[in-house]
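# Descriptive structure summary
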Amino acid sequence: MFFASKIRATAEAVGVEIGFPRSVEKLIEKAREVKPSLVVVDLHNTKVDPLTVSRELKSTEDLRDVKLLGFFSHVHTDLHENALAAGFDQVIPRSVFARDLGQILSTAQR
């Protein structure tokens, strides 16, 4: 919850529209609607399987070019490897994500 608030506040500060879909189906539906340049996924998410997100997004013809970024706790290196194998474009430690969040979101809107 705290991290979502930080993401929301940073997105507002840099003028980026964001959403937090609660299912893979909702994510795909919203992505088709708005054609995002970036989808960010917490690889520790227990409500939506991050690897399923990647497989679905990357296998959807009109969405496969959407950049997919995952972040994870640096001690869980298996998540890093599994996410890259599942099709994530970039996987970074949570600390790097938090540190560079403004830049990541600003770059995504271009």
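In this text, all values refer to a predicted model and were calculated from it rather than measured experimentally.

### Some remarks on the nonpolar core
Generally speaking, soluble globular proteins have nonpolar side chains that are buried together. Counting 17 residues, the largest nonpolar core has Val39, Val53, Leu57, Leu68 and Phe88 as the members making the most contacts within it. Every element with two or more residues in this core is listed here: α2 (24-34), β1 (38-42), α3 (50-59) and β2 (67-72). Per-element tally for this core: the top contributor is α2, with four residues. Once residues lying within four places of it in the same chain are set aside, the contact partners of Val53 are Val24, Leu27, Val41, Val48 and Leu68. Judged by nonpolar contacts, the second largest core, of 13 residues, contains Ala11, Leu69, Leu101 and Leu105.

### Considerations on the layout of surface pockets
Estimates place the volume of the largest pocket at around 1400 Å³. What lines the largest pocket is a set of 39 residues, among which Ile7, Gly19, Phe20, Pro21 and Val40 lie closest to the centre. Breaking the lining of the largest pocket down by element, the ones donating at least two residues are α1 (2-14), α2, β1 and α5 (94-108). A class-by-class count of the residues in the lining of the largest pocket yields 22 nonpolar, nine polar and eight charged. What the second largest pocket holds in volume is close to 170 Å³. Forming the boundary of the second largest pocket are Ser37, Leu38, Lys67, Leu69, Gln90, Ile92, Val96, Asp100, Gln103, Ile104, Thr107 and Ala108. Among the secondary structure elements, those contributing two or more residues to the lining of the second largest pocket are β2, β3 (90-93) and α5. Along the lines of polarity and charge, the residues of the lining of the second largest pocket split into six nonpolar, four polar and two charged.

What counts and what doesn't
- What you see as residue numbers is a count from 1 along each chain, following the sequence as written.
- At least 70 in pLDDT is required for a residue's local features to be given in this predicted model, at least 80 for side-chain atom pairs to be given and counted, and no such filter applies to totals for whole chains, interfaces and linings, which use all residues.
- Only hydrogens and water are set aside; all other atoms, that is, all heavy atoms of the structure, feed into the side-chain values.
- As used here, the term nonpolar core means buried Ala, Val, Leu, Ile, Met, Phe, Trp, Tyr and Cys residues forming a set that is joined through side-chain atoms within 4.5 Å.
- The rule is simple: take the accessible area with a 1.4 Å probe, protein chains only, and divide by the maximum for that residue type; under 20% is buried, over 50% is exposed, in between is partly exposed.
- Helical segments are the DSSP runs of H or I of at least four residues, strand segments are the runs of E of at least two, and each set is numbered from the N terminus.
- Whether two residues are in contact is decided by their heavy atoms: any pair within 4.5 Å suffices.
- Site definitions follow a grid-based scheme: protein atoms alone, a 1 Å grid, a 1.4 Å probe that fits but cannot get out for cavities, and for pockets an open set with protein on both sides within 12 Å along at least five of seven lines, plus lining residues having an atom within 4 Å of a point.
- Grid points are joined across faces, edges and corners, and a volume is the space filled by probe spheres set on the points.
- Three residue categories are used. Nonpolar comprises Ala, Val, Leu, Ile, Met, Phe, Trp, Tyr, Cys and Pro, charged comprises Asp, Glu, Lys and Arg, and polar comprises the others, including Gly.

Keep in mind these numbers describe shape, not what the thing actually does.
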